[in-house]
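# Structural overview for review
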Amino acid sequence: MGKCDGRCTLMVICSLQLVAALQRQVFDFLGYQWAPILANFLHIMAVILGMFGTMQFRSRYLIFYAVWLVLWVGWNSFIICFYLEVGHLSQDRDFLMTFNTSLHRSWWMEHGPGCLVTPVLDSRIAPDDHHVITVSGCLLDYQYIEVLSSALQVLLALFGFVYACYVSKVFQDDEDSFDFIGGFDSYGYQPPQKSSHLQLQPLYTAG
């Protein structure tokens, strides 16, 4: 019963991760955040692989899923530090999220709760294909929305890592115990043998 509970819990965690990653992928697409888009895609593939390994009792897939979660925690920790401008990270000069291909920022910058966007006309600091805006009145700044989103990913990843290790260990123990008892051979199964009912009788010849 414990094994079933572990599998079911891991499936729930993977489902929550999948929903959160898809939701995040949509907003990153809207904000042209190419680096997070690539990372989200890899994460979605890893979560699907983890779900498949959980359903099919594949411990190797769960180990790969757990290793990916370690990398995923590191990536989200970097995003948290980036938006909080920890150390030398700065949003004003580093366009790491777009691979330095555009000046776009997070979609939540202009569409956050309560945000009022005002375009700045005749601005000389904007390129020809961009416009300058001012954002005011936000109930929660976009940096903190991105930080909360990454923190949720880290929390789910930590739970997923713990349960992936636990379920993988259970699967491996089951495989070892199955090999130890000899698999199907331990049941003394013998294939049916054909028995002949033909009786041989001595042959006498007259001499």
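Each remark here, short or long, concerns the structure printed above.
Scope of this entry: the structure provided in the associated data block.

What counts, and at which threshold
- Residues numbered from 1 in each chain as written.
- Predicted model: local features only at pLDDT ≥ 70, side-chain atom pairs only at ≥ 80, totals over all residues.
- Heavy atoms only, no water.
- Helix = DSSP H or I, 4+ residues; strand = E, 2+ residues; numbered from the N terminus.
- Buried < 20%, exposed > 50% of the residue type's maximum accessible area, 1.4 Å probe, protein only.
- Contact = heavy atoms within 4.5 Å.
- Areas by Shrake-Rupley, 256 points an atom, 1.4 Å probe, with all protein chains shown as cover.
- Core = buried A, V, L, I, M, F, W, Y, C linked by side-chain atoms within 4.5 Å.
- Expected span 1.5 Å × (residues − 1).
- Axes fitted to C-alpha atoms, helices over the stretch in contact; angles between N-to-C directions.
- Parallel < 35°, antiparallel > 145°, perpendicular 65-115°, else oblique.
- Left-handed = near helix turned anticlockwise from the far one by under 90°.
- Nonpolar A, V, L, I, M, F, W, Y, C, P; charged D, E, K, R; others polar.
- Phe/Tyr/Trp six-rings, centres within 6.5 Å; stacked < 30°, edge-to-face > 60°.
- Disulfide = S-S within 2.5 Å.

### Side note on the overall build of the chain
- What the chain contains, in helices and strands, is five helices and two strands.
- For the chain, buried positions account for 32% of its 207 residues.
- Across the chain, every contact between residues at least 6 apart in sequence was considered, and the portion connecting residues at least 24 apart equals 66%.
- Looking at the chain as shown, the accessible area adds up to about 13900 Å², and 66% of this sits on carbon and sulfur atoms.

### Some points on the nonpolar core
- Of all hydrophobic cores here, the largest spans 21 residues; its most connected members are Leu10, Cys14, Val47 and Tyr65.
- Ranked by residues supplied to this core, first place goes to helix 3 (residues 59-83) with seven residues.
- Ignoring any residue separated from it by four or fewer positions in sequence, one finds Leu10 in contact with Thr54, Leu62, Tyr65, Gly160, Tyr163, Ala164 and Val167.
- With nine residues, the next largest nonpolar core counts Ile79, Phe82, Tyr83 and Val147 among its residues.

### Here's the deal with helix 3
- In a regular helix each residue adds 1.5 Å, so 25 residues correspond to 36 Å; helix 3 covers 36 Å between its end C-alpha atoms and thus fits that length.
- Count one or two residues on from helix 3 and you reach Glu85, which has phi positive near 55 degrees.

### Thoughts on the environment of Trp72
- Note that Trp72 resides in helix 3.
- Assessed through its relative accessible area of 1%, Trp72 is described here as buried.
- Sequence separation between Trp72 and Ala157 is 85 residues; the distance between their C-alpha atoms is 7.4 Å.
- Once you skip the residues sitting within four places of it in the chain, Trp72 turns out to touch Arg24, Ala39, Asn40, His43, Gln153 and Ala157.

### Thoughts on the packing of helix 2 (residues 34-55) against helix 3
- Running from amino to carboxyl end, helix 2 crosses helix 3 at an angle of 155 degrees, the nearest separation of the two axes being 9 Å. One finds that helix 2 runs roughly antiparallel with respect to helix 3. Like other packed secondary-structure pairs, helix 2 and helix 3 cross with a definite hand, here left-handed.
- Among the residues making up the contact of helix 2 with helix 3, the classes are represented as 16 nonpolar, five polar and no charged.

### Describing the packing of aromatic side chains
- One pass over the full model with this rule turns up eleven aromatic pairs.
- For the ring pair Phe52 and Tyr61, a centre distance of 5.7 Å and an interplane angle of 40 degrees mean the geometry is tilted.
- One aromatic cluster is present, built from ring pairs that chain together Trp75, Phe78, Phe82, Tyr83 and Tyr142.

### Let's talk about the state of the cysteines
- Applying the stated criterion to the full structure yields one disulfide.
- A sulfur-sulfur distance of 1.9 Å marks the disulfide that ties Cys115 to Cys138. With the S-S dihedral at roughly 125 degrees, the linkage between Cys115 and Cys138 falls on the right-handed side. Of the two residues, Cys115 is situated in the loop between helix 4 (108-111) and strand 1 (116-120) and Cys138 in the loop between strand 2 (132-136) and helix 5 (142-180); the sequence distance between them amounts to 23 residues.
- On the basis of relative accessible area, Cys115 is assigned to the buried category, the value being 17%.
- The class of Cys138 is partly exposed, set by a relative accessible area of 23%.

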